[in-house]
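# Summary of structural features
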Amino acid sequence: MDSPIPQWPKNEQPREKLRLHGARCLTDEELLAIFLRVGIKGKSAVALAKDLLHHFGGLPRLLASTPEEFVRIHGMGISKWAQIQAAYELVKRSLEDTLLQGSIFSDPGHVKEFLQAKIGSLPHEVFLCLYLDSCLHLIECQEIFRGSITKTAVYPREILKEALARNASAIIVAHNHPSGNPLPSAADQELTQILIQALALVEIPLLDHCIVSKRGFFSFSQSGLIKYDQN
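Residues numbered from 1 in each chain as written. Predicted model: local features only at pLDDT ≥ 70, side-chain atom pairs only at ≥ 80, totals over all residues. Heavy atoms only, no water.

Secondary structure assignment for the protein chain yields 9 helices and 5 strands. Of the regular secondary structure in the protein chain, the N- to C-terminal order runs α-α-α-α-α-α-α-β-β-α-β-α-β-β. Considering only C-alpha atoms, the protein chain reaches an extent of 65 × 35 × 30 Å along its principal axes. Across the 231 residues of the protein chain, 42% fall into the buried class. Surface accessibility of the protein chain: about 12,600 Å² in total, with carbon and sulfur atoms responsible for 53%. Looking at the protein chain, you have 24 positive and 25 negative side-chain charges, and the mean spots of the two groups are 8 Å apart. (Helix = DSSP H or I, 4+ residues; strand = E, 2+ residues; numbered from the N terminus. Buried < 20%, exposed > 50% of the residue type's maximum accessible area, 1.4 Å probe, protein only. Areas by Shrake-Rupley, 256 points an atom, 1.4 Å probe, with all protein chains shown as cover. Lys, Arg positive; Asp, Glu negative; His and termini not counted. Charge placed at Lys NZ, Arg CZ, Asp CG, Glu CD.)

Here it is as structure tokens:
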């Protein structure tokens, strides 16, 4: 039988480890246990967190779980689900605020982190547009299409209209692959070229097309398939 966390040696308790060594030193189970706070009879919060991660197949799927899915787990209630979702939303908003305040080229990793947090775990495909100003600061991130992404589902004229309405100077587009494979399909590559040509008509460069999955990320720009001169 697993003993309650308060009975563990002080330096092994998740909250104390976080206080002494920082959050990066904790495992996924330990971080999740801090939100769960208490376990159930015979299981500590850490053991319960481990069971949750195993049930959902990892942290991304757990964070994307619905209330109905979450409360089916013994010992889990809507309040715990709400706490986890609130923390996750704060992370996403923090990442978006970072993009609003600085040039996307000041730390390209922020774009990847933001997109993976925002759409990487979704069970359905979405297509995002990140509209940028002349200093390459984020003006707005808009979900513009939802569903299967093809060149016929994504209408370049809609993206042009939305970009001009925001006086955007450049654009990044992104979509997710729920299948888990972030590599671009032939349709993805064709769509990218169509968007580059359409946006060029109004002198708005497409800086990147990013494809995101639960554990992967593909950038057309980093792969040399889109070229942009920052100078």
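We are not done yet, so read on.
Moving on, we get to the sheet that holds strand β3 (residues 170-176). Taken in spatial order, the 5 strands line up as β2-β1-β3-β4-β5 in an open sheet, and their pairing is mixed. Either end of the sheet is taken by a strand with one partner, and the two such strands are β2 (138-146) and β5 (217-219). Neighbour to neighbour, the strand axes of the sheet diverge by 20 degrees on average, direction disregarded. Here 6 bridges tie β3 to strand β4 (residues 206-212), and the two strands are oriented parallel to one another. Bridge pairing in β4 links His 175 to Ile 211. Packed on one face of the sheet, helix α7 (residues 109-119) meets β1 (126-132), β2, β3, β4 and β5 and runs near 145 degrees to β1. Running at roughly 155 degrees to β4, helix α9 (residues 186-200) makes contact with β1, β3 and β4 of the sheet. (Pairing = 2+ DSSP bridges. Axes fitted to C-alpha atoms, helices over the stretch in contact; angles between N-to-C directions. Contact = heavy atoms within 4.5 Å.)

Once that is clear, we can look at helix α1 (residues 14-21). All of the buried residues in α1 are Pro 14, Glu 16 and Lys 17. Burial along α1 is one-sided: seen end-on, the buried residues are contained in an arc of 160 degrees. Against α2 (28-36) and α3 (45-56) lie the buried residues of α1. Two residues or fewer past α1, Gly 22 is found with a positive phi of approximately 95 degrees. (Arc of directions from axis to C-beta.)

Once that is clear, we can look at the pairing of β3. β3 sits mainly inside the fold: 7 of its 7 residues count as buried. Where burial is concerned, the two faces of β3 agree: the one with Ala 170, Ile 172, Ala 174 and Asn 176 and the one with Ile 171, Val 173 and His 175 are both buried. In terms of strand pairing, β1 meets β3 through 6 bridges, oriented antiparallel. Within the sheet, the bridge partner assigned to Leu 128 lies in β3 and is Ala 174.

It is worth spelling out unusual backbone geometry at this point. Positive phi, normally seen in glycine, also occurs at Asn 167, with a value near 55 degrees. Of note, Asn 167 is situated in the loop between α8 (156-165) and β3. A positive phi angle, close to 60 degrees, is found at Glu 203, a residue other than glycine. Mapping Glu 203 onto the fold places it in the loop between α9 and β4. Note on Glu 203: relative accessible area 72%, which makes it exposed.

Side chains of Leu 164, Leu 201 and Val 202 sit close together on the surface and give an oily, nonpolar patch of about 300 Å² of accessible area. If you trace the backbone, Leu 201 turns up in the loop between α9 and β4. (Patch = residues over 30% accessible without salt bridge, like charges linked within 9 Å, V, L, I, M, F, W, Y side chains within 5 Å. Salt bridge = Lys/Arg side-chain N within 4 Å of Asp/Glu carboxyl O.)

In total, this model carries 10 salt bridges according to the counting rule given. Overlapping salt bridges, with partners in common, bring together Glu 89, Lys 92 and Arg 93 in one network.

What follows deals with the packing of α1 against α2. The N-to-C vectors of α1 and α2 enclose an angle of 115 degrees; their axes lie 9 Å apart at closest approach. Judged on the interaxial angle alone, α2 and α1 are roughly perpendicular. The interaxial crossing formed by α1 with α2 has left-handed handedness. On the side of α1, the interface is formed by Pro 14, Arg 15, Lys 17 and Leu 18, while α2 contributes Glu 30, Leu 31 and Ile 34. Partitioned by chemical class, the residues of the contact of α1 with α2 number 4 nonpolar, no polar and 3 charged. (Parallel < 35°, antiparallel > 145°, perpendicular 65-115°, else oblique. Left-handed = near helix turned anticlockwise from the far one by under 90°. Nonpolar A, V, L, I, M, F, W, Y, C, P; charged D, E, K, R; others polar.)

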